[in-house]
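# Coordinate inspection notes
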Amino acid sequence: MRYLVTARVRPGKEKELLRAIEAGKLGQGSVADDEYLGNMSDARIRDDGRIKWVEVCFCNTPLEEERPYWEEFFELLRVKDAHRRDLNGTEPWACGECDCTEKLQRHLAGNGRPFLDLLREIAA
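Computed from a prediction, not measured in an experiment: that's the story for all the values here. (Residues numbered from 1 in each chain as written. Predicted model: local features only at pLDDT ≥ 70, side-chain atom pairs only at ≥ 80, totals over all residues. Heavy atoms only, no water.)

### Details of the overall build of the protein
Our working definition: Secondary structure is summarised from DSSP: a helix means a run of H or I of at least four residues, a strand means a run of E of at least two, and numbering begins at the N terminus for each. Three labels apply to residues, based on accessible area from a 1.4 Å probe with only protein chains included: buried if under 20% of the type maximum, exposed if over 50%, partly exposed otherwise in between. The contact criterion used is simple: two residues touch if any of their non-hydrogen atoms lie within 4.5 Å. Each accessible area value is a Shrake-Rupley result obtained with a 1.4 Å probe; residue values ignore everything except the protein chains displayed when judging cover.
Tallying secondary structure elements over the protein gives 5 helices and 5 strands in all. N-terminal to C-terminal, the α/β element order of the protein is β-α-α-β-β-α-β-α-β-α. When the 124 residues of the protein are sorted by exposure, 38% land in the buried category. In the protein, the share of contacts with a sequence separation of at least 24, taken over all contacts with a separation of at least 6, comes to 73%. Of the roughly 7,300 Å² of accessible surface on the protein, a fraction of 45% belongs to carbon and sulfur atoms.

This is the structure we're talking about:
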């Protein structure tokens, strides 16, 4: 499954988050591992401070395994099904390498600013 995640950085966590990203440690210990770093590279921040990204997750509960890693730094405002490729449950891993959210990801890329750019400005 792919989820559209909307979040805000927890107050005072900006520098710590940037250090974890730049050291490649964000999500360390998770089965999703380097997905976190890719998510942050693709994340966009809106004028109102909301950050959005598309995340692949195979948990029965959306972001069940990833949630503790994200919640250390973010308040998760919304986790929404971005696109359900496997409508009948017969291909639970179908969204691993597919392009089913390509249109949504292009739309996100054209809105707001790259989150990492702003995070680096804030942390400087």
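### Thoughts on the packing of aromatic side chains
Quick note on the threshold: Two aromatic rings from Phe, Tyr or Trp, using only the six-membered ring of Trp, form a pair when their centres are within 6.5 Å; if the ring planes differ by under 30 degrees the pair is stacked, by over 60 it is edge-to-face, and anything between is tilted.
This model, assessed by the stated rule, comprises 6 aromatic pairs. On the basis of an interplanar angle of 70° and a centroid distance of 5.7 Å, the ring pair of Trp70 and Phe74 is categorised as edge-to-face. Classification of Trp70 as buried rests on a relative accessible area of 0%. For Phe74, a relative accessible area of 0% gives the class buried. Put simply, the rings of Tyr36, Trp53, Tyr69, Trp70, Phe74 and Phe115 pair up and form one aromatic cluster.

### Here's the deal with the pairing of strand E3 (residues 51-56)
Just so we agree on the cut-off: By definition, two strands form a pair when at least two bridges between them are found by DSSP.
Taken across its 6 residues, E3 has 6 buried, putting it largely inside the fold. Of the two faces of E3, the one carrying Ile51, Trp53 and Glu55 and the one carrying Lys52, Val54 and Val56 are both buried. Two elements, strand E1 (residues 2-9) and E3, share 6 bridges in a ladder whose sense is antiparallel. Following the sheet pairing, Arg2 is matched in E3 by Val56.

### Details of the packing of helix H1 (residues 14-22) against helix H5 (residues 115-123)
Quick note on the threshold: As a rule, the C-alpha atoms of each element are fitted with a line to give its axis, helices using only the stretch in contact, and angles between N-to-C directions run from 0 to 180 degrees. Under this scheme an angle from 65 to 115 degrees is roughly perpendicular, one under 35 degrees roughly parallel, and one over 145 degrees roughly antiparallel; angles in between are oblique. Crossing handedness is defined as follows: a turn of the near helix away from the far one that is anticlockwise and smaller than a right angle gives a left-handed crossing, while the clockwise case is right-handed.
Viewed as axis vectors pointing N to C, H1 and H5 meet at an angle of 125°, and their least axial separation amounts to 9 Å. As judged from the angle between their axes, H1 and H5 are oblique. Seen from above, H1 lies across H5 with left-handed handedness. Contacts from Glu14, Lys15, Leu17, Leu18, Ile21 and Glu22 of H1 reach H5 at Phe115, Leu116, Leu119, Arg120, Ile122 and Ala123.

### Section: the side chain of Arg44
As a reminder of what qualifies: Here a polar contact means two N or O atoms within 3.5 Å. Within protein one must be a hydrogen donor candidate and the other an acceptor candidate, and residues neighboring in sequence count only if both atoms are side-chain atoms.
Within the secondary structure layout, Arg44 lies in strand E2 (residues 44-45). Of the polar contacts made by the side chain of Arg44, one reaches the backbone oxygen of Asn111; its length is 3.2 Å.

### What to know about the side chain of Lys52
Note the threshold: Note on charges: Lys and Arg go in the positive column, Asp and Glu in the negative column, and His and the chain ends are not counted at all. Put simply, a salt bridge is a Lys or Arg side-chain nitrogen that is within 4 Å of an Asp or Glu carboxyl oxygen.
Here Lys52 is to be found in strand E3. For Lys52, which is buried and forms no salt bridge, the nearest opposite charge comes from Asp48, at a distance of 7.9 Å. Once you skip the residues sitting within four places of it in the chain, Lys52 turns out to touch Leu4, Val5, Thr6, Ala43, Arg44, Arg46 and Leu108.

### Structural notes on the nonpolar core
Heads up, the condition is: Throughout this description, the term nonpolar core refers to a set of buried Ala, Val, Leu, Ile, Met, Phe, Trp, Tyr and Cys residues connected via side-chain atoms within 4.5 Å.
Leu17, Leu26, Met40, Trp53, Phe74 and Phe115 are the most contacted members of the largest nonpolar core, which totals 28 residues. Going through the elements one at a time, E1, H1, helix H2 (35-42), E3, strand E4 (74-83) and H5 are the ones with two or more residues in this core. Here the element with the most residues in this core is H5; it accounts for 5 residues. Apart from residues no more than four positions distant in its own chain, Trp53 is found in contact with Tyr3, Leu4, Val5, Ala7, Asn39, Met40, Ala43, Trp70, Phe74 and Leu108.

Fair warning: the whole summary comes from geometry, so function is off the table for now.
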